[in-house]
Amino acid sequence: MTLLHGGQLPRFELDFQPSAAFRIELPPDLDYLDQQRRLTILIPADFPSVLPRVFIQPSAYQKWPHCERSGLLCLWPENNEPQASPIEQIVDMIFDRISYVLHLVHPSTDDVERQSEFESEWLSYWPPNNPKKYRGHRSVLMLDVPDGLSQLDAQLVIKPGRRERSERSKMAQWDQLVLVASDPLQMERWGAHFTRLDDPEAQAVAIYVPLTTPLPVGMPRTLVDIHSLLDDSASQLLSDTLNSASVKRTYVWVIFGATFEAGSAYVAVELKPHIERWPPRTGYRSAKETRNADKMRPVTWAPRAIDVMRADRAWLLDRAIDQKRLSLRTSRVLLVGCGSLGSLVGEALVRAGIGRITLVDPDQLEAANIGRHVLGVDSIGQYKTAALARHFERIIPDVEIIPVKRKLEDAARAEVDISSYDLVISTTADWRCEQFLLDSQFGVAVAPPLVCAWIEPYGVAGHAFLRRSKHENFRSLFTDKGHFHRRCSVWPAGTTVRNLPACQATFQPAGLLGIQPVANMVAQMALASLQSKIARGQLWTWWTSAAGTREFGGEISVESETLSENAINKIDWSRLADLHSKNDDPS
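Just so it is clear, the structure is predicted and the values come from calculations on it, not from any experiment.

Cut-off values and rules
- Residues numbered from 1 in each chain as written.
- Predicted model: local features only at pLDDT ≥ 70, side-chain atom pairs only at ≥ 80, totals over all residues.
- Heavy atoms only, no water.
- Helix = DSSP H or I, 4+ residues; strand = E, 2+ residues; numbered from the N terminus.
- Buried < 20%, exposed > 50% of the residue type's maximum accessible area, 1.4 Å probe, protein only.
- Contact = heavy atoms within 4.5 Å.
- Core = buried A, V, L, I, M, F, W, Y, C linked by side-chain atoms within 4.5 Å.
- Phe/Tyr/Trp six-rings, centres within 6.5 Å; stacked < 30°, edge-to-face > 60°.
- Pairing = 2+ DSSP bridges.
- Axes fitted to C-alpha atoms, helices over the stretch in contact; angles between N-to-C directions.
- Parallel < 35°, antiparallel > 145°, perpendicular 65-115°, else oblique.
- Left-handed = near helix turned anticlockwise from the far one by under 90°.
- Nonpolar A, V, L, I, M, F, W, Y, C, P; charged D, E, K, R; others polar.
- Polar contact = N/O pair within 3.5 Å; in protein donor to acceptor, adjacent residues only side chain to side chain.
- Expected span 1.5 Å × (residues − 1).

S.K.: Is there a simple way to think about the overall build of the protein in this case?
M.R.: A count of helical and extended segments in the protein gives 17 helices and 24 strands. Counting all 587 residues of the protein, 48% fall into the buried class. Across the protein, every contact between residues at least 6 apart in sequence was considered, and the portion connecting residues at least 24 apart equals 67%.

Written out as structure tokens, the structure is:
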């Protein structure tokens, strides 16, 4: 080991200034490739708060596991570096990791063990060692995951916020995305949110190829290398696709997928058509002859690695962790009320994976709503339902949103069939609307579950009840005028409603911070109902705290004394049955 000082310090791309370095010469018999290398350990001035960097020279990228293109050894996974410890312990850990890497590349190490280590970080080794020649500038946005080998629709679009450029340049390609999908409907819904590139390449196609082990380390550099990874059926599909694309001189994208213990991973190769031109000719009809000759000349394909970004539903919702969420795609929800609470609940349901939501609200967005609504200034004066539909479709393009700009009572007599939904949610805090929903359940043999939610003044508490059976008498929890018997707060003035100097111009004070936890609670209740995790009706209450209530001039009620603060308190219908004062069944 050699200690380096001053001008002896090697130059690497670092995020710190090294104060010292150690160099270790590695003989060829330690490398399964039989190559002489040297190990350089750079010590930062802020060590041990900043960990040393270890480089291998010449770079063993795609030859040694855990070696990056620069030669930097990736000793620990991201965000898993050793925390503050005694210096001696950190030094021991660094040399333990270096020893492990040297073990992997030792000639005595089994090739299977080394290959397994490569596959554990497969995505890291896919980019080429020569990025200028083999690196593409576009990215693939994969809208769904095909079941197996298949040809996909591909569309070249401009990234949001970028402008199409008249010239074709490498810099312009950084502004482009390649949308690929096996489902034409997915392509249509996602494509509506991008500007399509007016170019023949926009009509190109892609193919999806599932790979089996052993996986290649690094991208294939030639078309022959690509074919070597494929079985007969995949190789034939690629050949047919290239033959078709060669006529139009369009690009072809090949997406590879591999399955690992931790999930699936995807990479892509862009195949660019290349035509070797004849020397320019002069004279009569020379241009026409050149064009005809170009059509007859064979096309060669130059592979380039490009990034793949997953945008399939499972990945967007929770990184494909909970596969049960995918069943929510077929769920149909009727959301009545698109105000502050309703908009937050709707957005949560969209992000949770609900496939179809009907929004019912007759109001337009006012400037006073913006501080506690998901919509912004660009939606002022627009109907809340229509603006929310556009907003939700921008979040998850394949969600189906149906806006209805009416009161529920009018909509139910026209285009909204309440009984056709899997769940009905009301966030209107309007007793007449809630009574209408409660009564509507008696007119059908099988009524959908009903969730009604509302917030107490200043957002100090929020409530939601889930009615799964029309025999659960939640109406008994309210007075004839709709006042809730189990309020958490009591207000000395009797009411907190603010009156503006206009006819029927009133509002209930509440800010976003008070509304947000209640919206989360309502969304949780809705998802639990749709996934059949709740068998009977329940009442959920979000209660902030006694101190929070008194801060706004209120007092706590008797009911709130038994509730947990800053938490969801759940009460089953069987515990609420003794509160019934009358039978809800009109028969």
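S.K.: How should I be thinking about the side chain of Thr385 in this particular structure?
M.R.: Mapped onto the elements of the fold, Thr385 is located in helix H12 (residues 384-395). The class of Thr385 is buried, set by a relative accessible area of 0%. Sequence-distant contacts of Thr385, that is, excluding residues within four places in its chain, are made with Cys338, Leu359, Val360, Asp361, Pro403, Val404 and Lys405.

S.K.: Would you explain the nonpolar core in this entry?
M.R.: The nonpolar side chains of soluble globular proteins are, as a tendency, buried together. Ranked by size, the top nonpolar core spans 43 residues in total, and within it Leu349, Ile357 and Ile425 carry the most contacts. Residues contacting Ile425, with those up to four places away along its chain left out, are Val333, Leu334, Leu335, Val336, Leu349, Val451, Val522 and Ala526.

S.K.: How do you make sense of the packing of aromatic side chains when you look at a structure like this?
M.R.: For any two aromatic rings, the description comes down to two numbers: the centre-to-centre distance and the angle of the planes. Applying the stated rule across the entire model yields 16 aromatic pairs. Ring plane angle 25° and centroid distance 6.1 Å describe the contact between Tyr251 and Trp253, whose orientation is recorded as stacked. Each of the two residues, Tyr251 as well as Trp253, counts as buried. Ring geometry for Trp431 versus Phe478: centroids 4.9 Å apart, planes at 35°, classification tilted. One end of the pair, Trp431, is in helix H14 (residues 431-440); the other, Phe478, is in the loop between strand E18 (461-467) and strand E19 (489-490), and 47 residues separate them in sequence. Using a relative accessible area of 12% as the deciding quantity, one classes Trp431 as buried. Residue Phe478 is classed as buried on the basis of its relative accessible area, which comes to 8%. Linked through ring pairs, Trp431, Trp454, Phe465, Phe474, Phe478, Phe484 and Trp573 together constitute an aromatic cluster.

S.K.: Where do I start with the sheet that holds strand E16 (residues 423-426) in this structure?
M.R.: Two strands in a sheet stick together by hydrogen bonds in their backbones, pointing the same way (parallel) or opposite ways (antiparallel). Across the sheet, which stays open at both edges, the 8 strands sit in the order E15-E14-E13-E16-E17-E18-E22-E24 with mixed pairing between neighbours. Looking at strand neighbours, the two that pair on one side only are strand E15 (400-404) and strand E24 (567-572), the edges of this open sheet. Each strand of the sheet is rotated relative to its neighbour by a mean of 15°, with strand direction disregarded. The sheet contact formed by E16 and strand E17 (residues 450-455) spans 3 bridges and is parallel. Bridge pairing in E17 links Ser426 to Cys452.

S.K.: Hey, could you run me through the packing of helix H11 (residues 340-352) against helix H15 (residues 512-530) in this one?
M.R.: Between two packed helices, the angle of one axis relative to the other and the distance separating the axes together describe the packing. Running from amino to carboxyl end, H11 crosses H15 at an angle of 45°, the nearest separation of the two axes being 8 Å. With respect to their mutual orientation, H11 and H15 come out oblique. For the pair H11 and H15, the crossing hand works out as right-handed. Contacts between H11 and H15 involve Ser340, Leu341, Leu344, Val345, Ala348, Leu349 and Ala352 from the former and Leu512, Ile515, Gln516, Val518, Ala519, Val522, Ala523, Ala526 and Leu527 from the latter. Across the contact of H11 with H15, the residue classes tally to 14 nonpolar, 2 polar and no charged.

S.K.: Would you mind showing me how to read the sheet that holds strand E2 (residues 18-26) here?
M.R.: Strand order in the open sheet made by the 4 strands is E1-E2-E3-E4, with antiparallel pairing throughout. Two strands in the sheet have a free side with no partner beyond their single neighbour: strand E1 (2-4) and strand E4 (53-57). Each adjacent strand pair in this sheet contributes to an overall mean axis angle of 25°, direction not counted. Sheet topology places strand E3 (residues 37-44) next to E4; 5 bridges connect them, and they run antiparallel. Looking at the pairing, Arg38 lines up with Gln57 of E4.

S.K.: Can you walk me through the side chain of Gln176 in this structure?
M.R.: Summarising the element assignment, Gln176 is placed in strand E7 (residues 176-181). Owing to a relative accessible area of 8%, Gln176 belongs among the buried residues under this scheme. Looking at Gln176, its side chain comes within polar contact range of the side chain of Arg138, at 2.6 Å. With near-sequence residues (within four places) excluded, Gln176 lies in contact with Arg138, Ser139, Leu156, Val157, Lys159 and Leu197.

S.K.: Sorry if this is basic, but what is going on with H12 here?
M.R.: Residues that lie three or four places apart on an α-helix share one face, since the helix turns once every 3.6 residues. The end-to-end C-alpha separation of H12 is 16 Å, in line with the 16 Å expected for 12 residues at 1.5 Å each. Inspection of H12 places Lys384, Thr385, Ala386, Ala387, Leu388, Ala389, His391, Phe392 and Ile395 among the buried residues, and these make up the whole buried set. The inward-facing, buried residues of H12 abut H11, strand E14 (356-360) and E15.

Worth remembering: the numbers are spatial, not functional.
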